[in-house]
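Listed below, chain by chain, are the residues.
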Amino acid sequence: MKFKMSGLSLRIALSCAAPAAIFFSSTAQSLPLYSDGATTVDAKLAASFGIFTSREKYAQTPDQTSGSATWQEAVFQYGLDVKHKTENFGSVYSALNWVSSATFGDGDAAGWSVGDERTTKIEDAYAGWKSAGLFPALGEDGVEVSFGRQNIVVGDGFIVSGDALDFGKGLLDGRLNRGGAYYLTGRKNFDETAVLRLGGSQGWRGDLMWLKSDNRAQASPETAVATLENVSEKGTIGLTAVKVLDTDREFADILYPERKDMKIYSIRAKGDAGVPGLFLAGEYAKEKKTTTDENAWYLEAGWTFNDVKTTPKISYRYSRFSEAYDPLFYGNGRELGTWFQGEVAANYAGPFNTNSTIQQVGLKMVVTPTFNAGAMLYKFDTINKDVIDISGKELDIYGEWTVSENLLVLPLVGFYKPDHSAENGGSQLGSDRTNVYAQLLFVTNF
């Protein structure tokens, strides 16, 4: 059957959805090509491939139909990284890399992609300078300036974690298409940036950043970002301020009518408080729009049993995102499940870090020296149920298998149970039965 979304429901889905910008997708080793002690030239080669299947589909695009979906995604990144050290004036660096991406098969379970997306485009194109020991009061490399097309992450990605929303042809007649690999996130860099970083790796430090997106699915926002942090052995405390300076009016009118001039202020903390094995984190964000003020916050605690052979880690997080909160550029800053909470929910079903409270319980352990296993349990509750109620539960069980220095294999199976079907106010098409979802990812570095 076919489910037709209302205009308001489509706006909610578009303005909140985001792909799992998986923490390992950008991992790439460098292959040395040239080195003379001062200058190094490295080749950057990395590829990832994913196989996905979902027993159910979700009403996130106007023409989505019920049933199952099976699809594949591929990303290949290649290019050059150059670094040069001077004797008296610090060091410079630059990169020029391309990304080829594609989606095959049915397209993803939400309908963001349709299965025939392909593209090859420049991904990294940046240059920068580090001060080395020129400013002792600021620490080693206490001043860094960079510009160009690059990835930017603030904190653990609660507000800014790259420009990683990679829709395909499933929306607005393909006008939001970035070329496939919605889940693997082939493209995640801001198109234009200018960044000034002050301070070393310890003590007080801060950033001033100008970020320009070319992502139509985000309405191509231009943002100014400022951070101030204190970094110590016990943890990091930070402040962040963001202002959206401008948007692409054509797409903002459809997707984000209140994003232009939006301001976000947040305070965050993360660390072990000096207790080995303990992990504590939290952030509170206040969002000021033209007609309303929104907020989002979370508290998280975890413990690693370092004296146990398998070093199991358990964690619990409670997060809340107000009814009209705009999550902007959030993503997986730390690891799988950081801010894409639930492999089905975060990518296809919703909620997408807005109008919801989310509880997450995590467990991870070392099974063998080359294999880690983990599980994440979620409970999602919609705050305002007047338009849509995407409350539900999800269990994800996953593995991380380091086959060799150059190959990582990541299997995952997820069980997602919505409270309501799309026909009864939810997002899952056809029924509210438990969806069985599976993915198998291969990540290679050369």
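Only a predicted model underlies this, so the values are computations on that prediction, with no experimental measurement involved.

Rules of the game
Residues numbered from 1 in each chain as written. Predicted model: local features only at pLDDT ≥ 70, side-chain atom pairs only at ≥ 80, totals over all residues. Heavy atoms only, no water. Helix = DSSP H or I, 4+ residues; strand = E, 2+ residues; numbered from the N terminus. Rg over C-alpha atoms; globule rule 2.2 N^0.38 Å. Buried < 20%, exposed > 50% of the residue type's maximum accessible area, 1.4 Å probe, protein only. Areas by Shrake-Rupley, 256 points an atom, 1.4 Å probe, with all protein chains shown as cover. Pairing = 2+ DSSP bridges. Salt bridge = Lys/Arg side-chain N within 4 Å of Asp/Glu carboxyl O. Contact = heavy atoms within 4.5 Å. Patch = residues over 30% accessible without salt bridge, like charges linked within 9 Å, V, L, I, M, F, W, Y side chains within 5 Å.

Within the protein, the regular secondary structure consists of three helices and 19 strands. Since a compact globule built from 446 residues should have a radius of gyration of about 22 Å, the 21 Å found for the protein is in line with a globular shape. A principal-axis box enclosing the C-alpha atoms of the protein has dimensions of 70 × 50 × 45 Å. The buried share of the protein, taken over its 446 residues, is 51%. Surface exposure of the protein reaches about 18500 Å², of which carbon and sulfur atoms provide 59%.

Turning our attention to the pairing of strand 16 (residues 371-382). In this structure, strand 15 (residues 356-368) lies alongside strand 16, joined through 12 bridges in antiparallel fashion. Of the residues in strand 16, the one forming a bridge with Lys364 is Gly374. Between strand 15 and strand 16, which pair antiparallel one after the other, the connecting turn spans two residues. Pairing geometry for strand 16 and strand 17 (residues 392-404), over 10 bridges, is antiparallel. Bridge pairing links Phe371 to Trp401 in strand 17.

Within this structure, the stated rule accounts for 26 salt bridges. Close ionic contact of Asp214 with Arg187 constitutes a salt bridge, the shortest N to O distance being 3.7 Å. Of this pair, Asp214 sits in the loop between strand 8 (203-212) and strand 9 (222-232) while Arg187 sits in the loop between strand 6 (143-149) and strand 7 (192-198); the two residues are 27 residues apart in sequence, bridging distant segments of the chain. For the salt bridge of Arg268 with Glu229, the shortest nitrogen-to-oxygen distance reads 2.9 Å. One end of the pair, Arg268, is in strand 11 (residues 263-271); the other, Glu229, is in strand 9, and 39 residues separate them in sequence.

Before going further, it helps to examine the environment of Asp42. Turning to its location among the elements, Asp42 is positioned in strand 2 (residues 39-54). In this structure Asp42 comes out as buried when scored by relative accessible area, which is 15%. Sequence-wise, Asp42 and Pro32 are 10 residues apart; in three dimensions their C-alpha atoms are separated by 4.4 Å. With residues up to four places along the chain from it excluded, the contact list for Asp42 reads Ser30, Leu31, Pro32, Leu33, Gly79, Leu80 and Asp81.

On the surface, a nonpolar cluster with roughly 530 Å² of combined accessible area is contributed by Tyr316, Val361, Leu377, Leu395, Ile397, Phe415 and Val436. With respect to the helices, strands and loops of the structure, Val361 is situated in strand 15. Of the residues examined, Val361 reaches a relative accessible area of 40% and is grouped as partly exposed.

Attention now moves to the environment of Ala373. The topology assignment puts Ala373 in strand 16. We classify Ala373 as partly exposed; its relative accessible area is 24%. The spatial distance from the C-alpha of Ala373 to the C-alpha of Leu280 is 22 Å, given a sequence separation of 93 residues. If we skip the residues at most four places from it in the chain, Ala373 touches Leu363, Lys364, Met365, Val367, Tyr398 and Gly399.

These values are about where atoms sit, not about what they do.
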